[in-house]
Amino acid sequence: MLTLCMSLIFLSHTLLAQKISGKITDKSKEPLIGASILVKNTKNGTIADGSGAFTLDNVVKNSTLVISFIGYKTKEVAAEDNLTIVLEEGNTLNDVIVTGVFDRRTALSSSIAISTISAEQLSKQTPTSAADLLKNVPGVYVNSSLGEVRNTIYSRGVTTGNNDGRWGYDYVSMQEDGLPVTNTLYSNYGPDFFLRPDVTLEKIEAVRGGSASIVGANAPGGIFNYISKTGGDKLEGEISTKLGLEGNGKNPYYRADMGFGGPLCKDVTYHIGGFYRTAEGSNYPGYQSNQGGQVKGNLLYNYGAGSLKLMVKVLNDHNLNKEALPTTSFTDPELVKGFSNTSSMLWPSMTATVNVPNRGSVTYDPSKFYHSKEFKGGLKWDHDFGSGWKVSNNMSYSDKSQDAFSPIGTVTPLDMTDFVSYIIAGSLHPGPPGAPGSFVVPGNYKFSTFGGNTVMTSSMGFDFTRPVPFAFNVTSSTGPAKDFAPNYLLFAPLIYNSSKVTEFMDQINFNKKVGQSTFNVGAFYSNSTLDRVQESFGVTLNTFEPNPKPLNITLTAPNGAVFQVTNPNGVSKLGADQGYTLFNATQTQTAVFFAHTYEFSKQLTLDWGLRYENLRVKGSNQISNQIADTLGGTDKNPLTLFDNYSNGPGATFAYDQSKSYLSYSAALNYKMSDETAVYLRYSNGKKAPGFQIYQDITTEFARTSLDPQIQTIQQVEIGFKAKTAQITSTITPFLSLLSHIPNNVTFSNNTGNLYNPPALYNDIRTIGVEIEEVYKPTANLNIRGVVTLQNSTATTYESWIHNNATGVDTKISNSGNTTANVPNVMFNITPEYATNDFYANVTWSYMGKRQANFANAFTMNAFSQFNFAAGYNITKAFRVNLAINNLFDTYGVLGWVAPGTFPNNLNLESLSAAQVAAAPKAFYETFGTPARAYFVTAAYKF
């Protein structure tokens, strides 16, 4: 009887169990070799073979299979025979990529250093900016300490060493759907003003070096392509709301995203979406830091032999920048007493109205700060003619504008014992009628808040033993900075920049496959027109404290006359500080490129290409001429100094420069197996100067000495790529040589006017290794890490040192020193635990030591930052996420302003190691990581 029962049990189990087979592929039908297939809640499993196929025995009827593969989303399916299972892409070497290659191919078979960041990864992050997302890419340095805009990005040490936002994107191309966001780069204007990540973003493809010099416009340092979602064969979408507390839990953040798409009619799909957010920011100045949003959409028509995509974007956004915070100690920096990493150094919202040339009457309001608007339309056509012929044409037209109510460089201290500070502050008096020039009235100065509280007094006399025979003494200092900077007040120049830029871009590529060869011939054309006005509304002096207060400045002359230096809002030199400059220019960029790929065998591939480029900049800069009103200004009162000067048209400086240059690159890729490949590439890329070098032409000397030089970036890289069921690994040693780096600085002369000495050109060398690893030890645990190890040397580096006393600037050499702002180590490591309904991860970001400047005056300390994220699917469609950025509220220094007074303290190379050694606790200013922030997101997907 027992034997009969056992036999029946065995027979029933055998009848219920089955042998099943199937195939695992990605959405491009490429087999996923080594994918894991596991019967849920059992140890019964196998892996896919070289064709993606699998066979699994003893599978009980009605079981569930769990399929996973490194870099892909885990999927559960019912256990059936003859399965074809398609996994959705994550970050993997099996991704089919389009950026930096001459034809579509997987990352494993390409001979470039590329990383992809998927929509799934993006949804688990809360970045400060679009640039912030690139911290997940090895070899890439990102400084987003200023906020959403004016970030700095460079790769492999290809940098000017400057982190003030002026040159932040000089060597890379930030792209949106395959074309540059903008081809126009100059001070306080660049791609991140018009690039915003939201739910319409499908993925980011990031290429470092390599073929970027061939397929990218003026971008030898790398291409970062933000690729938008398109609609599928069914309606899908997402609605999310995000609530946050920035500034260590003090400042509210609100955001809503929406995106959806699907079929519109036969062969036509659509996708549309965007976001709106309002936020006080990490450092709340008393008004919104970020407010606005965008709408993006596309229509895709597939007609069999090809496709046609129409793209539209409308952006309207306001953004503030964080200003530097007062700091002491170069070796162990800490914010001075009374300041924290949430303090704001921006002055209160106030108004001053000036008639601006070509813009009419404009009211200066710092709460508007950067106001960026863009309308962009694009068209992309892909067609397969058959017989191996293909064509792709991508074009866009954009109308951009930006009104910037911002200080020049940074809110910065003024030393009130310095004669030039009083000229900057507006204490000049016009000479008597018929007499040329202006003069400084001797006497006693009083600096008071508009509440009547005096924070400083000073006196001016004569000292004929000095080159400038004026002596200023601070006679009392009772303000907030009396303990750490008793002679300093905070200076904020009210600078208004208004830019109107229209851009047309078109890139066409013909592709022909003949036997083992693939040929690509293409062309790129870009036309950018710029109408820019820079107007000085005046200057303010403020209390040196968080949320500074404007000061009322009066001067009592020896004869008892009282001069009012500032107007009732605390503004001096109203509309007449540095006057205005009108910029009108056209930049035309034309390129042709050729590329050839030859497959010697299934294992060995050669690709090489070259690009010939011409860049022409034609324009003119008109400066203003300061006019002294000896009759007392607009109010006819000679005792009110703030309105005694005005500006009229001055000289015009025209320029017309054309530069042509050739870039080339070649690589061998050897695929050792279906899981491993190695490549070797040499690239010689060229880079023409951006608009900024032309906008510095405000004197005849600057015009006649204009010498824009083409920069050369040589790179050698060896890439090793491998993947298994549990590990994806990319290791890329590299050498980069950057030549002709422009070093531009701004000084002031004895009359307080700003000027630019001639640009100096320098060279740097960087050697290093990039590592990207993804390890999946179990079905639920995933560990991703990106590591950069590098050493960078300034092989040639000269700088200007300002000498106001003699009026003769001097050059110094820092050749052989370590390159400024290139960290020796950077890494991001993210372990994540995930099930079907839950995930949690922690990201450890480490920024290694960096030399503060090319003079190697001091070393900026290494620091770590930890971010936490978790999410839970309440239902299949509804998910909630929690994110905590900067979990331990670390203040890591990412930028700095030199000790001293404006504008000389903006020249970082003016500080030497000897000066630091003589005053190791000197007061200076730093830009640091944003304070801890909390975010909760609720997302509904349909």
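The rules behind each value
Residues numbered from 1 in each chain as written. Predicted model: local features only at pLDDT ≥ 70, side-chain atom pairs only at ≥ 80, totals over all residues. Heavy atoms only, no water. Helix = DSSP H or I, 4+ residues; strand = E, 2+ residues; numbered from the N terminus. Rg over C-alpha atoms; globule rule 2.2 N^0.38 Å. Buried < 20%, exposed > 50% of the residue type's maximum accessible area, 1.4 Å probe, protein only. Contact = heavy atoms within 4.5 Å. Salt bridge = Lys/Arg side-chain N within 4 Å of Asp/Glu carboxyl O. Core = buried A, V, L, I, M, F, W, Y, C linked by side-chain atoms within 4.5 Å. Pairing = 2+ DSSP bridges. Axes fitted to C-alpha atoms, helices over the stretch in contact; angles between N-to-C directions. Phe/Tyr/Trp six-rings, centres within 6.5 Å; stacked < 30°, edge-to-face > 60°. Polar contact = N/O pair within 3.5 Å; in protein donor to acceptor, adjacent residues only side chain to side chain. pLDDT = per-residue confidence, 0-100. Lys, Arg positive; Asp, Glu negative; His and termini not counted.

Peer 1: Would you mind showing me how to read the overall build of the protein chain here?
Peer 2: Across its full length, the protein chain carries eight helices and 58 strands. Taken against the 2.2 N^0.38 rule, which gives 30 Å for 942 residues, the C-alpha radius of gyration of the protein chain at 31 Å falls within 12% of a compact globule. Taking the principal axes of its C-alpha atoms as reference, the protein chain extends roughly 125 × 60 × 55 Å. Counting all 942 residues of the protein chain, 57% fall into the buried class. Excluding contacts between residues fewer than 6 apart, the proportion of contacts in the protein chain whose partners are at least 24 apart in sequence is 68%.

Peer 1: Hey, could you run me through unusual backbone geometry in this one?
Peer 2: Keep in mind that most residues, glycine aside, have a negative phi and that most peptide bonds are trans. Positive phi values are uncommon outside glycine, yet Asn188 reaches one of about 60°. Mapped onto the elements, Asn188 comes out in the loop between β14 (179-180) and β15 (201-208). Phi at Asp267 is positive, roughly 70°, even though this residue is not glycine. Mapped onto the secondary structure, Asp267 falls in the loop between β18 (251-265) and β19 (268-279).

Peer 1: I would appreciate a short explanation of the pattern of salt bridges in the present structure.
Peer 2: Any two side chains of opposite charge can pair, so long as their charged atoms come close to each other. For the coordinates displayed, the defined rule picks out 29 salt bridges. Across the pair Glu148 and Arg196 runs a salt bridge whose closest N-O atoms are separated by 3.9 Å. Placement of the pair is Glu148 in the loop between β11 (140-143) and β12 (152-155) and Arg196 in the loop between β14 and β15, with a sequence separation of 48 residues. Overall, the relative accessible area of 6% leaves Arg196 in the buried class. Glu770 is the partner of Arg156 in a salt bridge, and the nearest nitrogen-oxygen pair spans 2.8 Å.

Peer 1: Would you mind going over the nonpolar core with me for this structure?
Peer 2: Grouped burial of nonpolar side chains is what soluble globular proteins tend to show. In this structure, Leu134, Ile153, Met174, Phe224, Tyr226, Phe537 and Phe544 are the most contacted members of the largest nonpolar core, which totals 72 residues. Ranked by the residues each element gives to this core, the list is headed by strand β34 (residues 488-514), at six residues. Apart from residues no more than four positions distant in its own chain, Tyr226 is found in contact with Ala130, Ala131, Leu133, Leu134, Met174, Gln175, Glu176, Asp177, Leu195, Leu201, Lys203 and Ile204. One finds Ile423, Ile424, Val440 and Leu641 within the second-largest nonpolar core, a separate group that totals 29 residues.

Peer 1: I keep staring at the pairing of strand β1 (residues 17-25) and nothing clicks. Help me out?
Peer 2: Consecutive side chains along a regular strand alternate between the two faces of the sheet. Here β1 pairs with strand β4 (residues 53-60) via six bridges, running antiparallel. Bridged to Ala17 within β4 is Val60. Pairing of β1 with strand β7 (residues 83-86) involves four bridges; the strand directions are parallel. When the sheet's bridge partners are listed, Gly22 is paired in β7 with Leu83.

Peer 1: I'm lost on the sheet that holds strand β6 (residues 75-78) in this one. Help?
Peer 2: Sheet strands line up and pair through hydrogen bonds in the backbone, either parallel or antiparallel. The four strands lie next to each other as β3-β2-β5-β6, forming an open sheet whose pairing is antiparallel. Pairing within the sheet leaves two strands with one partner each, and these edge strands are β3 (45-47) and β6. Between one strand axis and the next, the sheet turns by 20° as a mean value, whatever way the strands run. Sheet analysis places strand β2 (residues 36-39) next to β3, joined by three bridges and oriented antiparallel. Along β3, the bridge assignment pairs Leu38 with Gly45.

Peer 1: So what exactly am I meant to see when it comes to the pairing of strand β35 (residues 517-542) here?
Peer 2: Examined bridge by bridge, β34 and β35 share 25 bridges and lie antiparallel to one another. Among the inter-strand pairings, Ile508 is bridged to a residue of β35, identified as Ala523. Note that β35 and strand β38 (residues 580-599) share 19 bridges and pair antiparallel. Paired with Asn520 across the strands is Ala595, a residue of β38.

Peer 1: What is the right way to look at the sheet that holds strand β10 (residues 113-118) in this model?
Peer 2: Strand order across the open sheet formed by five strands is β10-β15-β16-β13-β14, with mixed pairing between neighbours. Strands at the two margins of the open sheet, each flanked by one partner only, are β10 and β14. Relative to β15, β10 runs antiparallel, the two sharing six bridges. Considered in β15, the bridge of Ile114 is made with Val207.

Peer 1: Before we go on, may I ask you to explain the packing of aromatic side chains in this structure?
Peer 2: Counting across every chain of the model gives 40 aromatic pairs. On the numbers, 4.8 Å between centres and 5° between planes, the contact of Tyr186 with Tyr189 is stacked. Measuring from ring centre to ring centre gives 6.4 Å for Phe419 and Phe472, while their planes differ by 35°; the resulting arrangement is tilted. Linking Phe419 in helix α5 (residues 419-425) with Phe472 in strand β33 (residues 470-477), this pair joins segments that are 53 residues apart in sequence.

Peer 1: Help me understand the environment of Asn151, please; the structure alone is not making it clear to me.
Peer 2: Structurally, Asn151 is set in the loop between β11 and β12. Each C-alpha atom of the pair Asn151 and Asn321 lies 9.9 Å from the other, and the pair is 170 residues apart in sequence. For Asn151, the side chain forms a polar contact with the side chain of Ser129, separated by 2.5 Å. Within the structure, Asn151 has its side chain in polar contact with the backbone oxygen of Gly147 (distance 2.9 Å).

Peer 1: Help me understand the environment of Arg616 in this model?
Peer 2: Within the secondary structure, Arg616 sits in strand β39 (residues 604-628). Each residue touching Arg616, except ones within four places of it in the same chain, is listed here: Thr586, Gln587, Thr588, Asp656, Gln657 and Ser658.

Peer 1: I tried to follow the environment of Lys776 on my own but got confused; where do I start?
Peer 2: Position of Lys776 among the secondary structure elements: in the loop between β46 (760-775) and β47 (781-796). Owing to a relative accessible area of 11%, Lys776 belongs among the buried residues under this scheme. Along the primary structure Lys776 and Lys659 are separated by 117 residues, whereas in three dimensions their C-alpha atoms are 50 Å apart.

Peer 1: Any chance you could explain the confidence of the model for the protein chain here in plain terms?
Peer 2: Segments scoring low in pLDDT should not have their predicted coordinates read at a detailed level. Per-residue confidence for the protein chain gives a mean pLDDT of 88; residues scoring 70 or more make up 93%. Highest mean pLDDT in the protein chain belongs to β19 (97); lowest belongs to helix α1 (residues 2-16) (45). In this model, residues 1-15 is a region of pLDDT below 50 whose contacts with residues beyond four sequence positions or in other chains number one contact.

Peer 1: Please explain the side chain of Asn886 as it appears in this structure.
Peer 2: Relative to the helices and strands, Asn886 resides in the loop between β55 (878-885) and β56 (893-897). There is a polar contact of 2.8 Å between the side chain of Asn886 and the backbone oxygen of Pro930. In this view, Asn886 contacts Gln865, Phe866, Asn867, Thr929, Pro930, Ala931 and Arg932; residues no more than four positions away in its chain are not counted.

Peer 1: Just checking my understanding: could you explain the side chain of Lys229 for this structure?
Peer 2: Assignment of secondary structure puts Lys229 in the loop between β16 (222-228) and β17 (236-245). For the buried Lys229, no salt bridge is present, and the opposite-charge side chain at shortest range is Glu238, 4.5 Å distant.

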